[in-house]
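Observations on the model geometry
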Amino acid sequence: MATEKTPPPLPGGGLAPRGSLAGHLVKAVLLALSAGVAAWAAWPLYETRNWAGLGLVAAVTGVVWWVYLSKRRVPAKYLLPGVLLLIAFQVVPVVYTVAASATNHGDGHRGTKEEAIARIEASSVTRTADGREFTLTIAAEGGSPSGELVFLLTDEDGAVYAGDAEGLTPLPGARTGPTGRVLGADGYTPLTAAQANGRGAEVAELAVPAGDGAGIRAQGLSAAYEGRAARAYDAGCDCITDSATGAVYTADDEHGVFATEDGERLSQGWRVGVGADNYARLAADPGIASAFFSILGWNTVFAAGTTLGVFVLGLAVALALHTPDRLRGGTLYRLLLVLPYAMPAFAMMLLWRDMFNADFGLVNRLLGTDVDWLGGAGTARAVALTVNIWLGFPYMFLICTGALQAIPRELVQAARLDGAGAWQAFRQVTLPLLMVAVAPVLIATFAFNFNNFNAIWLTTKGGPFPSDSPTAGYTDLLITYTYRLAFGGQGAEYGYAAAVSVLIFLIVTLISFTGLRKSASLEEVNR
């Protein structure tokens, strides 16, 4: 008669099989904390009528309570925190990036169509004789002077408003001085004259929509006026007419822009779905395709060259110190070799960048040359690769040292007794056994360096740049190219940058999967 096997006890279960009082108290506190976090997250979702988000918060909270209030479901108690964090910090960002890659999100396409119309009208405001005047206080949203720029406006009746690109919001609790200038308001930081001057371009550009085709603009740093918009929206034709030029801009809902029949577009548009257009640009646009595939090729060379370089150098040093006899000063040698790995990487990269400086760099002085190392495409790539190998080989030296010590010396000695030379014994015995332990590390090294943002950004910043492409440098990796697309000074293209990010994700996933399949065959060596 078969008897049912009793499952092994879980870690810690033997100490308090029915749960200790302290354990129950900790569980009660954590469950109360989860309920508090849920309430904190639910209120803004309720205010914005985001029912899907509200339902998700309720579902997650319900699952947490369902698992931890039960005396059963013990495996789920261990797995649930990790699963929730995996979903929150891995799955959700990937899904959001994929969704963003199918939009035209970027500068000029950040909001809805209604917001775009309001901004177009406000930006064309000209002063009228009957327009209201305001006392202006330049401020920043939040507690930092670098926050989003806001106009704090005091009208002739003493009422105070906060104005931004979204419109006017009353500020009943604001404190004002004798001139009407706002001295303080909750949630805003008034800027000093020097701070406001430093953001003069933003002040001149900001136009606050006031409704019915009116807008408010700054006049200097202490006054603002309300005027009428030269460009007015007509819902009948779904178009904007410029009263100054007579041009008519018709809405193009497919691309999220207002454009004339001649193709002239207004700079302000709205966010729409564009399907696979951002991916198609990589193949259809010759300029973009050339830059993308050039960067992809260098990116692959950089990751593969770094992986090969750190492996060869790290293994060579490990073999040099892996002697059967006691090496005098061996500990000191190992300590010196791991120093590059122990130092902060960003500091070492900045130091290497200065050492390769064309005017006062140490490398030119030692070699007696006058080479602009960071100014040429070939030399800059060589510098980036050299610095990265220098910083990465100590880690591989430690890995190889540990793997070599795990290989029985008797195997090598037996090969030598059978007539194998030193190189043949290394190639036929040591290296295959070494690769069993090192292959997964090499795959991880390749994947890491494929997206090694710091190595490029802190040494070359992606440069030098060709004269016809200011966004794609000769040493750019796909990750630095994506960063420049999203946050560079040429205008943000979040949708296109998200599409490139998705391709990076797919490339790294494919290479890693293939590498892991190949490395699995090496395990046959141990059988």
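Reading the values: the criteria
- Throughout, a residue's number is its position along its own chain's written sequence, starting from 1.
- Given that this is a predicted model, residues contribute local features only at a pLDDT of at least 70 and side-chain atom pairs are listed and counted only at 80 or more, while totals for whole chains, interfaces and linings are drawn from all residues.
- Heavy atoms from the whole structure form the basis of all side-chain values; hydrogens and water molecules are not counted.
- Working definition: helices are DSSP H or I runs of at least four residues, strands are E runs of at least two. Numbering for both runs from the N terminus.
- Residue burial is assigned from relative accessible area. The probe radius is 1.4 Å, only protein chains are included, and a residue is buried under 20% of its type maximum, exposed over 50%, and partly exposed in between.
- Two N or O atoms form a polar contact when they lie within 3.5 Å of each other; inside protein one atom must be a possible hydrogen donor and the other a possible acceptor, and for residues adjacent in sequence the pair counts only when both atoms belong to side chains.
- A contact between two residues is defined here by any heavy atoms of the two lying within 4.5 Å.
- Paired strands are those between which DSSP finds at least two bridges.
- Each axis is a line fitted through C-alpha atoms, and for a helix only the stretch in contact is used; angles between axes span 0 to 180 degrees, taken between their N-to-C directions.
- Note on terminology: angles under 35 degrees are roughly parallel, angles over 145 are roughly antiparallel, angles of 65 to 115 are roughly perpendicular, and the others are oblique.
- Crossing handedness is defined as follows: a turn of the near helix away from the far one that is anticlockwise and smaller than a right angle gives a left-handed crossing, while the clockwise case is right-handed.
- Gly is placed with the polar residues, together with every amino acid not listed as nonpolar (Ala, Val, Leu, Ile, Met, Phe, Trp, Tyr, Cys and Pro) or charged (Asp, Glu, Lys and Arg).
- UniProt positions are given in the numbering used here, feature names are shortened, and annotations may be inferred rather than shown by experiment.
- Any cysteine sulfur atom paired with another within 2.5 Å is treated as part of a disulfide.
- Stacked, tilted and edge-to-face are the three classes applied to pairs of Phe, Tyr and Trp rings, where Trp contributes its six-membered ring and a pair requires centres within 6.5 Å; stacked means planes under 30 degrees apart, edge-to-face means over 60, and tilted covers the rest.
- Put simply, a charge is over a ring when the Lys NZ or the Arg CZ is close to the ring centre, within 6 Å, and near the line of the ring normal, within 35 degrees.

**Thoughts on the side chain of T137**
Tracing the sequence through the fold places T137 in strand β2 (residues 133-141). T137 sits in the buried class, given a relative accessible area of 0%. Within the structure, the side chain of T137 is placed 2.9 Å from the backbone nitrogen of V182, a separation counted as a polar contact. Apart from the residues lying within four places of it in its own chain, the contact partners of T137 are V150, F151, L152, R181, V182 and P190.

**Let's talk about the sheet that holds strand β13 (residues 239-242)**
Here four strands make up an open sheet; going across it, the order is β12-β13-β14-β15 and the pairing antiparallel. In this open sheet, the two strands that pair with only one neighbour each are β12 (231-234) and β15 (257-259). Ignoring which end each strand starts from, the neighbouring axes of this sheet average 30° apart.

**Here we look at the packing of helix α13 (residues 377-406) against helix α15 (residues 422-450)**
Running from N to C, α13 and α15 point in directions that differ by 150°, and their axes come no closer than 10 Å. Taken together, the axes of α13 and α15 lie roughly antiparallel to each other. As for the relative orientation of α13 and α15, their crossing is right-handed in sense. Here α13 contributes N388, Y395, M396, I399, C400, A403 and L404 to the contact with α15, which in turn contributes T430, L434, A437, V438, V441, L442, T445 and N449. In the contact of α13 with α15, the residues fall into 11 nonpolar, four polar and no charged.

**Overview of the UniProt feature "transmembrane region" (unreviewed entry) in the protein chain**
The residues that UniProt annotates with the feature "transmembrane region" (unreviewed entry) are residues 25-45, 51-69, 78-99, 296-320, 332-352, 389-408, 429-448 and 494-516. Strand forms 0% of residues 389-408 and helix 90%; the C-alpha atoms that close the span are 30 Å apart.

**Things to note about unusual backbone geometry**
Here the bond from G463 into P464 is cis, since omega is 0°, no more than 30 degrees from zero. Tracing the sequence through the fold places P464 in the loop between α16 (453-457) and α17 (478-487). In the Ramachandran plot, R49 falls in the positive-phi region, its phi being about 55° despite a non-glycine side chain. The exposure class assigned to R49 is partly exposed, which follows from its relative accessible area of 47%.

**Remarks on the side chain of T475**
Structurally, T475 can be placed in the loop between α16 and α17. Within the local environment of T475, its side chain forms a polar contact with the side chain of T460, the two groups lying 2.7 Å apart. Once residues within four sequence positions are removed from consideration, T475 is found in contact with W298, A380, R381, I456, T460, G462 and G463.

**Remarks on the state of the cysteines**
Two cysteines whose sulfur atoms are joined by a covalent bond form what is called a disulfide. What the rule picks out here adds up to one disulfide. Sulfur-sulfur distance for the disulfide between C237 and C239 comes to 1.9 Å. Judged by the torsion about the S-S bond (-50°), the C237/C239 disulfide is left-handed. Judged by relative accessible area, which is 36%, C237 ranks as partly exposed.

**A look at the packing of aromatic side chains**
Following the criterion strictly, the structure yields 15 aromatic pairs and no others. On the basis of an interplanar angle of 25° and a centroid distance of 5.9 Å, the ring pair of W352 and F356 is categorised as stacked. The exposure class assigned to F356 is buried, which follows from its relative accessible area of 9%. Taken together through their ring pairs, the aromatic side chains of W352, F356, W373, W390 and F393 make up a single cluster. If you follow R49 out to its NZ or CZ, it ends over the ring of Y46, 4.9 Å from the centre. Geometry around Y496 places R281 over its ring, the cationic atom sitting 4.4 Å from the centre.

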